[in-house]
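Architecture at a glance
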Amino acid sequence: MIGEYIPDTWNPWITLAVLGSIVFMLIIRKKTGPDLIMTGGLVLLLIFGVVDVADATAGFAQRPILMIAGLFIVAAALQETGGIELIGHKLLGKPDTLSKAQLRMMIPVAAISAFMNTTPIVAMYLPMVTNWAKRLKIPASKLFMPLSFAGILGGQGTMIGTGSNLIIMGLFIEWWQNPPTWATDLGVSAPSSAVSMWGAAWIGVPVAICGILFIVLTSKWLLPVRTSQEPTHDGVRKRGITMAIEEGSSMVGKTIEKADLRNLPGLYLSSYIRKEKRHEADTNFTLEQDDKLVFVGDLSSVVELRKTRELIPAVDDIGGRAVSRKMIEAVVSSSSPLIGISVKESEFRTRYKAVILSIHRNGKYLDTKIGPIVIQPGDTLLLESGGEFLKYWKDSTDFYVVSEIKDSRPPLRDKAKRSLSILAILILFLTFGGVDRVTAIWLCGLAMILTGCISGPKARQAINLQVLIVIGAAMGIGKAVQLSGLAEMSSTTLLTFASNMHLGEYGTLFLIFIMTSFGAQLMTNFGAAVIMFPIVISAAHGLDVSPYPFVFTMMAAAGCNFITPITYQTNLMVFGPGGYTFTDFPRLGIPLTLLVAVLATIIAPQVFPFLPLG
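Figured I'd write up the structure that's included with this text. Note that the coordinates shown come from a computational prediction; the quantities given were computed from them, not determined experimentally.

Re the overall build of the protein chain
Assigned secondary structure in the protein chain consists of 25 helices and ten strands. Relative to the 2.2 N^0.38 estimate, which gives 25 Å for 614 residues, the radius of gyration of the protein chain is 28 Å and therefore close to what a compact globule would have. C-alpha extents for the protein chain along the principal axes are approximately 85 × 55 × 45 Å. Evaluated residue by residue, the protein chain yields a buried proportion of 56% over its 614 residues. In the protein chain, the share of contacts with a sequence separation of at least 24, taken over all contacts with a separation of at least 6, comes to 79%. On the protein chain, roughly 26,600 Å² of surface is accessible, and the fraction owed to carbon and sulfur atoms is 60%. Here the protein chain holds 51 positive side-chain charges and 44 negative ones, and the gap between their average locations is 7 Å.

A word on helix α22 (residues 504-543)
Look at α22: only 9 Å from first C-alpha to last across 40 residues, short of the 58 Å you get at 1.5 Å a residue. At M523, α22 shows its strongest bend, of approximately 130°. Across the 40 residues of α22, 28 count as buried, placing the element largely inside the fold. D544 sits one or two residues past α22 and shows a positive phi near 60°.

With respect to the pairing of strand β7 (residues 354-361)
Of all eight residues in β7, eight are buried, a share of seventy percent or more. Sheet topology note: the β7/strand β8 (residues 364-365) ladder contains two bridges and is antiparallel. Following the sheet pairing, H360 is matched in β8 by Y365. Between β7 and β8, which pair antiparallel and follow one another directly, the connecting turn spans two residues, one of which, N362, has a positive phi of 55°.

Regarding the environment of L338
In this structure, L338 sits in the loop between β6 (326-332) and α14 (343-346). Spatially, the C-alpha atoms of L338 and G253 are 41 Å apart, while their sequence positions differ by 85 residues. When near neighbours in sequence (up to four residues on either side) are disregarded, L338 contacts S346, F348, Y352, I375 and F399.

Concerning the packing of helix α2 (residues 34-47) against helix α20 (residues 465-483)
Interaxial distance between α2 and α20 falls to 8 Å at its minimum, and their mutual angle equals 30°. Here α2 is positioned roughly parallel relative to α20, judged by the angle of their axes. Considering how the two elements wind past one another, α2 and α20 form a crossing that is left-handed. Here P34, D35, M38, T39, L42 and L45 of α2 lie close against α20, whose contacting residues are Q466, I469, V470, A473, A474, G476, I477 and A480. In terms of residue class, the contact of α2 with α20 is made up of ten nonpolar, three polar and one charged.

Notes on the packing of aromatic side chains
Following the criterion strictly, the structure yields 22 aromatic pairs and no others. With a centroid separation of 5.4 Å and an interplanar angle of 65°, the aromatic rings of F389 and F399 are classed as edge-to-face. Of this pair, F389 sits in helix α16 (residues 388-393) while F399 is found in strand β10 (residues 399-404), placing the two residues ten residues apart along the sequence. The class of F389 is buried, set by a relative accessible area of 0%.

Some thoughts on helix α7 (residues 118-136)
For α7, built from 19 residues, the straight-helix expectation of 27 Å at 1.5 Å per residue is met to within 8% by its first-to-last C-alpha distance of 25 Å. Of all the bends in α7, the greatest reaches close to 30° and is centred on L126; the proline P127 follows between one and four positions later. Regarding α7, the residues found buried are T118, P120, I121, V122, M124, Y125, L126, M128, V129, W132 and A133. Positive phi appears at K137, one or two residues downstream of α7, with a value of about 60°.

Some remarks on the side chain of N571
As for its placement among the helices and strands, N571 is situated in helix α24 (residues 569-575). For N571, a relative accessible area of 0% translates into the label buried. Leave out the neighbours within four places in its chain, and N571 touches S148, F149, I152, N561, F562, T564, P565 and F585.

So, the sheet that holds β7
Strand order in the open sheet formed by five strands is β8-β7-β9-β6-β10, and the pairing between neighbours is antiparallel. The open sheet has two edge strands, β8 and β10, and neither has a second partner. Relative to strand β9 (residues 380-385), β6 runs antiparallel, the two sharing six bridges. Looking across to β9, one finds that E329 is bridged to L382. The sheet strands contacting helix α13 (residues 299-306) are β6 and β9, and the helix crosses β6 at an angle near 140°.

Criteria and cut-off values
Each chain has its residues counted from 1, running along the sequence as written. Residues qualify for local features only when their pLDDT is at least 70, as the model is predicted, and side-chain atom pairs are given and counted only at 80 or more; totals for whole chains, interfaces and linings, by contrast, use all residues. The side-chain numbers reported here are obtained from all heavy atoms of the structure, hydrogens and water having been left aside. Where helices and strands are cited, they refer to DSSP runs of H or I of at least four residues and of E of at least two residues respectively, numbered from the N terminus. Within these notes, the globule rule equals 2.2 Å times the number of residues to the 0.38 power, and the radius of gyration is based on C-alpha atoms. The rule is simple: take the accessible area with a 1.4 Å probe, protein chains only, and divide by the maximum for that residue type; under 20% is buried, over 50% is exposed, in between is partly exposed. When checking whether two residues touch, look at their non-hydrogen atoms; a contact exists if any pair is within 4.5 Å. The method behind every accessible area is Shrake-Rupley, applied with a 1.4 Å probe, and residues are considered shielded solely by the protein chains displayed. Under this rule, positive means Lys or Arg and negative means Asp or Glu; His and the chain ends count for nothing. Positions of charges follow a simple convention, taking NZ of Lys, CZ of Arg, CG of Asp or CD of Glu. What a helix should span is 1.5 Å times the count of its residues minus one. Think of it this way: the bend at a residue is just the angle between two axes, each fitted to seven residues, one set ending at that residue and the other starting at it. Pairing between two strands requires that DSSP report at least two bridges joining them. Geometry is summarised by axes, namely lines fitted to C-alpha atoms with helices restricted to the contacting stretch, and by angles between N-to-C directions that run from 0 to 180 degrees. Under this scheme an angle from 65 to 115 degrees is roughly perpendicular, one under 35 degrees roughly parallel, and one over 145 degrees roughly antiparallel; angles in between are oblique. What makes a crossing left-handed is the near helix being turned counterclockwise from the far one by less than a right angle; a clockwise turn instead makes it right-handed. When residues are grouped by polarity, Ala, Val, Leu, Ile, Met, Phe, Trp, Tyr, Cys and Pro land in nonpolar, Asp, Glu, Lys and Arg in charged, and all others, Gly among them, in polar. Whether two aromatic rings pair depends on their centres lying within 6.5 Å, for rings of Phe, Tyr and Trp, where Trp uses its six-membered ring; planes under 30 degrees apart make the pair stacked, over 60 edge-to-face, and the rest tilted.

Geometric values such as these leave the question of function open.
Here it is in structure tokens:
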């Protein structure tokens, strides 16, 4: 090892150089993922002997990683069942101003984000908000960035709201397993279950309220009007689908405008069928239970329509409703045994284990009953199947092309309330204790699988290995920061600067926030949280005060990724659809970050005093 020939006094500078290299690579990276960069930095520290293998790899078996892995399953199950979408559709409504629209969107998103990963929430809200913005004639750029920021602000409300909160609290609880004498002499002790779960709320809730109000009040000037950078639907293939209204739907008795079926993005209601008679759709007719609605539009819009609550494919004429699985396109070959016979005669559903939703010929939707249509070579069938069709017929000569349509599976809405109930149980476990945190999260994750809220394969896919590798590697680097002496050196420099500037304890807290937030913009919130933790503890030790206000201030800082679109996934998700430029984020993000910094610096010592009272 190279480290055998290097004096230990060099270790802080080697660690600092490696950290600088990691930050530089994260900034310029194009195709290299953050997991490879962080792991590469950890390997360099191993080579130089700053940490040994045991310390470097211990992070991969830490409890926070196990907890985050389990939470991925819980969040994916909520997404699969449409539990969050169920809440979202009801709360968006029809506001008449931009400010009201932003409030209606951001408040529920922030509230939900306190209890689950922000990424699936924003993923579910994006298509809803896209359609909603077009109906309200509001520029999407005025809503998408607030959507992401609301999720980030809401994530500060609990330990499980964001991964960085969970990591920091996990490290803090572990630190209390063998507390140093200076901490116990101050009369402070390890956080209780309630403080672990809800301690962040003392800062997070006021920050979320003030942050949302700040966005609403300043977005007129700080949020530009942009045009989406996403591909338009011009020239794409048109598809049609006939939908029935679910039994007991709230749409019954409403006009199409009241039922939000008018001005659908990329889609229009061309006609409706009532008592076997076809009528041209107009804005005045009232929906009835047995109506069938004929929609025509681009394929992605048809897929989104299939996921819409209270509408189901109208396939009564070929043997019942479609199975709720995935949508597939298949082009009939000239050698197919289906040629020359009607769909009804072909017994397609029985033979191919799939239901035909619509048929397209020469690029046009056949707007008629599916059953009597005689199939011809080259017909494009829009199908729905539970997976059996792809498994057995993908390479069959019956079809020229068989392709699965991405993200076309409709939510398992009948299990939405079940998944929300399991989430509520998890919150109770984490609040009142009695069950180990890792056990509680994985118990609820397994409950999601056993109750059918998510399948086993989907649960495995939901666990994001890249994120877990980043966290594990960051923990190894954080250990190097501590063992090399860089944490002590950094905290001494920080305290010296604060003392020379006469900043005091509050000023030092503010500097901790800025340092952590700056790190989070450059190396992800996970990396910043882990690497800053030993520095923050050393700073509290240097001032001989409780570590609590420093840890919770750092928690608020690590989660506030408002300044760039590249280091936080939800910012990246809204970047293209919102049509934003890179500079649009700091324009709103910098003042918002400074507001959060001031609030956290003021509130944290009031809730968690520098020195215990009494």
